[in-house]
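# Tertiary structure, described
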Amino acid sequence: MIGLIPVAAYLCCLAIPVLAGPRPVVLWHGLGDAYDSDGMQRIAALIHEMHPGIFVHSVYLNSESSEDSKQSLMGRVDDQIASVCDQLASIPELERGFDGLGFSQGGLFLRGYVERCNSPKVYKLLTFGSPQNGVADFPPCNARDFLCRRRNAFLKTQAYSRYAQESITVAQYYRNPDQYDEYLERSGFLADINNERTAKNATYASNLSSLEELVLYLFTEDETVVPKESAWFAEVDKKTGVVTPLEARAMYLEDWLGLNVLGESGRLHFYVIEGRHMRITNETVIEIATKYLGSEVPSDKGESENQQQWQEAVVRMPNEQLPLIFATLRGQANA
């Protein structure tokens, strides 16, 4: 049987050019979800249906579904993003870049990937109900849900502790305006990725402003991300409820992240999805996939020449090895 390394080496030696096709898509799921959940599989299937032949990869922190879900709740976000940087760089289908879809906290973390790695490059980044400006509070609990109320009480008092900032994901993007100085000092992730500290990271702004488009979706009835306007990088006064939109904030006016560049060039978009957090219908996915996904990856040479060289390369392969080679490749694609 032909192993994976010999197969890759064998095909590599044939110098087969990459054919033009739809740009790959990378998905990053949200808090408590898993890379292979029904929801992620549904979205991937709909994208495939709209763009036949497209390559879709769902980011995972662990290949075991239950463990992947657990690590979306517990872990050091900096380490998780570094791991995903390595993961995406190791996938040959992504080497020419991809479009990214991030759901809830996955959208925030995918933006972190763009700012810190961006190799392979992200062209379009779409985020759905993502806490881009962090969360200032935690989702309200049912009066009878004692465990939920205890959890929220703990998080509110211990969110900026060393333990929380190194192990509880949601604490690492907790941003309470009433504790702003403490947040700047102790935030393990968000204060850095939003370039809020005095020393700015120019690479963050350069990488984010290189996007073809940044598309931010807000759920109109979102009670999970508090405040829901965080999905648009907005600031909300907890006492008065007054919303300061991104365009009126220092992070935009002074362009800490490259958002001003994106906005002034018409590449920053704000949209709403009616309903509660992460309630995305098939129709909405299809509409988004039609509008933003499926851009053709340019080939190095004309398509007809590529097709001819591919056919010639296949002819040169020993016929008895073809079934094994393509069975192996199909297995990788379906893994």
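Residues numbered from 1 in each chain as written. Predicted model: local features only at pLDDT ≥ 70, side-chain atom pairs only at ≥ 80, totals over all residues. Heavy atoms only, no water.

Moving on to the packing of helix α4 (residues 77-89) against helix α5 (residues 105-116). With their axes 10 Å apart at the nearest point, α4 and α5 run at an angle of 70 degrees to one another. With respect to α5, the element α4 is oriented roughly perpendicular. Of the two elements, α4 crosses α5, and the hand of that crossing is right-handed. Each of Val77, Asp78, Gln80, Ile81, Cys85 and Leu88 in α4 lies in contact with α5, whose residues at this interface are Phe109, Gly112, Tyr113 and Arg116. Of the residues contributing to the contact of α4 with α5, the split by class is six nonpolar, two polar and two charged. (Axes fitted to C-alpha atoms, helices over the stretch in contact; angles between N-to-C directions. Helix = DSSP H or I, 4+ residues; strand = E, 2+ residues; numbered from the N terminus. Parallel < 35°, antiparallel > 145°, perpendicular 65-115°, else oblique. Left-handed = near helix turned anticlockwise from the far one by under 90°. Contact = heavy atoms within 4.5 Å. Nonpolar A, V, L, I, M, F, W, Y, C, P; charged D, E, K, R; others polar.)

Take the sheet that holds strand β4 (residues 98-103) next. Taking strand neighbours across the sheet as the criterion, the six strands line up as β3-β2-β4-β5-β6-β9 in an open arrangement whose pairing is parallel. The open sheet is flanked by β3 (56-58) and β9 (268-273), the only strands paired with a single partner. Averaged over all adjacent pairs, the angle separating strand axes in this sheet is 15 degrees, with direction ignored. Here β4 pairs with strand β5 (residues 122-128) via five bridges, running parallel. Residue Phe103 lies in a different strand from β5, and its bridge partner there is Phe128. Against the sheet, helix α2 (residues 38-50) touches β2 (25-28), β3 and β4, its axis set at about 165 degrees to β2. (Pairing = 2+ DSSP bridges.)

Neither face of β2 is left uncovered, since the one carrying Val25 and Leu27 and the one carrying Val26 and Trp28 both have all their residues buried. Both β2 and β3 contribute to a ladder of three bridges, which runs parallel. Paired with Val25 across the bridge in β3 is Val56. Once the chain exits β2 it traverses α2 before rejoining the sheet at β3, and the crossover so formed is right-handed. As paired strands, β2 and β4 are joined by four bridges and run parallel to one another. (Buried < 20%, exposed > 50% of the residue type's maximum accessible area, 1.4 Å probe, protein only. Right-handed = clockwise from strand over helix to strand, strands pointing away.)

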